[in-house]
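So you can see what is in the structure, the chains are spelled out below.
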Amino acid sequence: MGDKPSTRPRSGTGRTRRASKRDDEVALQGPTPDPEFVQLLSPDGERVDHPDYSVDFTDEEYRGLYRDLVIVRRLDLESTALQRQGHLAIWASLEGQEAAQIGSGRALRKQDMAFPTYREHGVLWCRGVDPTAPHGLFRGADHGDWDPSEHNFNLYTLVIGAQTLHAVGYAMGIGYDGKVGTDDGEAVIAYFGDGASSQGDVHEACVFAGVYHAPVVLFCQNNQYAISEPVERQTRTPIYQRAAGYGFPGVRVDGNDVLACYAVTRHALDAARHGQGPTLVEAYTYRMGPHTTTDDPTRYRNGSEVETWKQRDPIARVRTFLEKQKIADDAFFAAVDADADRITGRLREYVIDMPDPTPEMLFEHVYAEGSPLQDAERAWFRDYQASFAGEGH
Amino acid sequence: MAKQQIPLTGAQQLTIGKALNLGLRRALEDDPKVLLMGEDVGRLGGVFRITDGLQKDFGEDRVLDSPLAESGIVGTAIGLAMRGYRPVCEMQFDGFSYPAFDQVTNQLAKMHYRSRGRITLPVVIRIPYGGGIGSVEHHSESPETYYAHTAGLKVVTPATPRDAYFMVQQAVRCDDPVVFLEPKARYYEKGEVDLDAPVASAEPLFASRVFRAGTDCTVVGYGPTIRVLRESADAAAEDGRSLELVDLRSLSPLDLDPVYESVRRTGRLVVVHEAPTNLGPSAEIAARVTSECFYSLEAPVQRVGGFNTPYPASKLEEHFLPDLDRVLDAVDRTFAY
């Protein structure tokens with residue numbers, strides 16, 4: 001594949017910089033990966049300085065990020081396997097986007113609220129939600145069985161972009177509650193993708209966020225594809241540059257660099273909680289797998305493109321960094337793998353043993369205050385089912 | 001109605017519009033979490049002046065002039081409700097509620113169910129609806145079927161100033177999302193409202209009401225058609241026919257027990273609404289009444305509604321909208337069996 005993207009310049013004076021053009025990019029059919037973005041850890045595991053963004057992690061924290069990345073990837077691979085084996089109806093893989101999710105997810109403070117799409121399994125992990133929680137949705141047993149307020153992590157949203165408005169409204173509420181302006185202030189992060197950037201709701205969310213100066217970070221994972229459509233079918237303008245039109249800052253970050261994603265998101269969240277309004281973050285990344293397990297990406301992208309992105313793997317660069325800097329040793333890596341084995345093993349057992357919902361659950365929680373129509377249907381259905389008792393059905 | 005200076009106490013003659021305005025004022029006073037949001041609802045007081053004076057008295061953080069984006073209004077209201085607020089959104093006209101359709105039917109309606117009861121969204125969507133004001137297209141729609149068809153939403157519509165005043169307050173207090181349909185052609189109709197009466201003294205929000213007793217035929221309507229029912233009953237009385245009139249008030253849930261009770265006595269039913277009849281509320285009511293009152297019916301249930309066309313240009317709306325003659329024609333048909 002020729003040289004790796006380590007040729008990216010390591011110093012710069014601006015907020016963003018331009019990487020050098022590489023020969024291997026000529027072969028790409030998809031988007032040209034020649035962006036200006038914030039990078040703090042190069043694909044070959046070298047720390048890069050940036051004038052506006054820096055991180056100063058302890059060795060323990062570096063190791064923790066690596067552990068997060070590995071575990072969420074392993075959970076994801078296990079989930080795909082569970083789908084292939086018939087235990088899940090569908091799975092939306094996050095493979096390739098681990099750094100964007102762990103970096104932004106770990107940048108959240110406890111009091112911050114997250115509004116995910118349906119692919120934020122890595123953020124879910126960071127928020128302390130049980131990693132088995134989304135699998136009921138993908139199995140068809142429920143619509144997401146976790147308490148959003150317990151973890152400040154809302155339910156997944158499948159209508160593309162709809163959650164960005166909820167996030168902005170929630171952030172407006174933080175403002176009305178007077179919970180901005182201090183270190184203890186609250187902020188919101190809204191996840192969406194490059195495809196969603198075309199949605200009216202995302203536009204309206206940006207309008208409301210700007211107009212009401214809401215404490216929200218609009219975090220776009222540009223993974224280059226909306227199912228089959230490359231980002232060129234969504235926009236001719238780099239997504240982060242759209243922020244200027246709404247009157248707040250936009251920044252593009254190397255979405256495969258967990259350190260940069262952390263630094264940029266933390267900066268944006270802290271600005272929001274201190275009353276400085278919204279930020280649009282574009283995490284420039286790549287969906288390594290299919291859109292979901294129902295998808296066949298070989299129909300719309302070529303292998304060399306995928307190979308190119310493999311060279312930018314978000315986990316490999318952290319491991320290289322840890323090894324080079326002697327922050328972690330073989331025993332640590334083995335322990336992480338063992339942890340991942342244990343956690344994915346638990347996931348596997350959980351999913352395979354997941355009970356089907358009871359028919360009565362069909363009628364539960366349609367309304368907070370109840371309603372006679374559903375009550376009548378429930379009663380009818382109960383009698384109907386009882387009428388089969390003893391018939392061997 | 002806006003400049004009508006009303007003492008905020010005692011029994012008053014109010015228009016429906018003013019009653020809504022005072023009901024919203026009470027809601028804002030009663031609960032600091034109540035917010036009003038919508039296009040032009042603040043400084044202007046809304047294009048129908050329903051929120052007149054409220055931003056002045058409660059401030060820009062309680063009465064929000066929203067960007068011109070209906071999906072944005074409802075979507076951010078959902079987020080505000082998650083945060084503990086009780087937003088009351090105004091859609092400026094019925095036809096403009098459709099840009100918010102996903103947020104209303106997919107997001108707002110389903111959140112309590114999806115979250116297995118962990119998230120409640122006490123959001124009210126106020127929509128001036130119905131025709132008869134000679135307006136340009138998209139300003140005279142009757143969208144109730146869309147919303148009443150969606151589980152998770154409750155849909156109510158007042159027809160009198162008294163109901164307007166109390167029902168809007170009850171809707172704000174409801175923990176479920178409520179689509180609150182306001183018969184815009186009746187905003188200026190007057191009636192008595194006791195402003196000293198507590199909300200708790202009002203009838204339940206989701207109850208229908210027999211508002212005129214009769215013996216020969218039951219006629220059911222709601223919102224803008226209630227006046228047509230009243231006029232029809234007056235005219236029928238001159239012909240010696242006694243109509244019993246029911247105001248549904250709530251379209252989701254439907255409270256049909258009073259209708260069943262009435263039909264068992266009269267044996268005849270006519271259902272009236274401005275919405276097109278095809279799969280409309282009258283279809284559901286006819287089906288249920290046929291099931292419940294099959295042996296009492298002397299004739300098939302008759303329906304009077306808007307035609308199954310797009311809402312016409314306003315010079316044609318008098319032909320589109322149910323009126324006294326069409327209601328009486330339907331009543332006649334129930335006597336032809």
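Residues numbered from 1 in each chain as written. Chains lettered and ligands numbered in written order. Predicted model: local features only at pLDDT ≥ 70, side-chain atom pairs only at ≥ 80, totals over all residues.

(A) Looking closely at the overall build of chain A. Within chain A one finds 13 helices and seven strands. Compactness check: chain A gives a C-alpha radius of gyration of 22 Å against a globular reference of 21 Å for 393 residues, within 12% of the reference. Evaluated residue by residue, chain A yields a buried proportion of 47% over its 393 residues. (Helix = DSSP H or I, 4+ residues; strand = E, 2+ residues; numbered from the N terminus. Rg over C-alpha atoms; globule rule 2.2 N^0.38 Å. Buried ≥ 20, exposed ≤ 12 C-beta atoms within 10 Å, placed from the backbone.)

(B) Main features of the interface of chain A and chain B. Contacts between chain A and chain B engage 33 residues on the former and 34 residues on the latter. When contributions to the side of chain A that touches chain B are tallied by element, the ones reaching two or more residues are helix 6 (162-176), helix 7 (200-211) and helix 13 (372-386) of chain A. When residues in the side of chain A that touches chain B are grouped by element, the largest group, 11 residues, is from helix 6 of chain A. Here the residues of the side of chain A that touches chain B sort into 19 nonpolar, eight polar and six charged. (Contact = placed C-beta atoms within 7 Å. Nonpolar A, V, L, I, M, F, W, Y, C, P; charged D, E, K, R; others polar.)

(C) Looking closely at helix 7 of chain A. The end-to-end C-alpha separation of helix 7 of chain A is 16 Å, in line with the 16 Å expected for 12 residues at 1.5 Å each. Every buried residue of helix 7 of chain A is listed here: A:Asp201, A:Val202, A:Glu204, A:Ala205, A:Cys206, A:Val207, A:Phe208 and A:Ala209. On the buried face of helix 7 of chain A, the contacting elements are helix 6, strand 2 (188-193), strand 3 (216-222) and helix 8 (243-246) of chain A together with helix 3 (70-82) of chain B. Count one or two residues on from helix 7 of chain A and you reach A:His213, which has phi positive near 55°. (Expected span 1.5 Å × (residues − 1).)

(D) Highlighting the domain arrangement of chain B. Residues and elements named next belong to chain B. Looking at chain B, the domain boundaries give domain 1 (11-201) and domain 2 (209-334). Contacts between the two partners involve 24 residues from domain 1, matched on the other side by 23 residues from domain 2. Contributions of two or more residues to the side of domain 1 that touches domain 2 are made by helix 6 (144-148), strand 6 (154-156) and strand 7 (178-183). In terms of residue class, the side of domain 1 that touches domain 2 is built from nine nonpolar, nine polar and six charged. (Domains from an automatic or database assignment.)

(E) How the structure looks around the sheet that holds strand 11 (residues 243-247) of chain B. Residue and element names in this part refer to chain B. What the five strands build is an open sheet, ordered 9-11-10-13-14; its pairing is mixed. Looking at the sheet topology across the chains shown, the edges are occupied by strand 9 (209-212) and strand 14 (302-306). Going from strand to strand, the sheet's axes swing by 25° on average, the running direction of each strand aside. Bridge count between strand 10 (residues 217-221) and strand 11: five bridges; the pairing is parallel. Across the sheet, the residue bridging to Thr218 is Glu244, located in strand 11. Running at roughly 155° to strand 13 (residues 269-276), helix 10 (residues 281-292) makes contact with strand 10, strand 13 and strand 14 of the sheet. (Pairing = 2+ DSSP bridges. Axes fitted to C-alpha atoms, helices over the stretch in contact; angles between N-to-C directions.)

(F) Layout of the UniProt feature "domain: Transketolase-like pyrimidine-binding" (unreviewed entry) in chain B. UniProt records the feature "domain: Transketolase-like pyrimidine-binding" (unreviewed entry) at residues 14-189 of chain B, using the numbering of this structure. The distance separating the terminal C-alpha atoms of residues 14-189 of chain B is 8 Å; by composition the span is 36% helix and 17% strand. (UniProt positions renumbered as here; feature names shortened; annotations may be inferred.)

(G) Structural view of the UniProt feature "domain: Dehydrogenase E1 component" (unreviewed entry) in chain A. The UniProt record annotates "domain: Dehydrogenase E1 component" (unreviewed entry) at residues 70-339 of chain A. With 43% helix and 11% strand, residues 70-339 of chain A has its two end C-alpha atoms placed 10 Å apart.

(H) Local environment of the pairing of strand 5 (residues 124-129) of chain B. Residue and element names in this part refer to chain B. Judged by how many residues are buried, strand 5 sits mostly within the fold: six of six residues are covered. Here strand 5 shows a buried face lined by Val124, Arg126 and Pro128 and a second buried face lined by Ile125, Ile127 and Tyr129. Here three bridges tie strand 4 (residues 86-90) to strand 5, and the two strands are oriented parallel to one another. Across the sheet, residue Val88 finds its bridge partner in strand 5, namely Val124.

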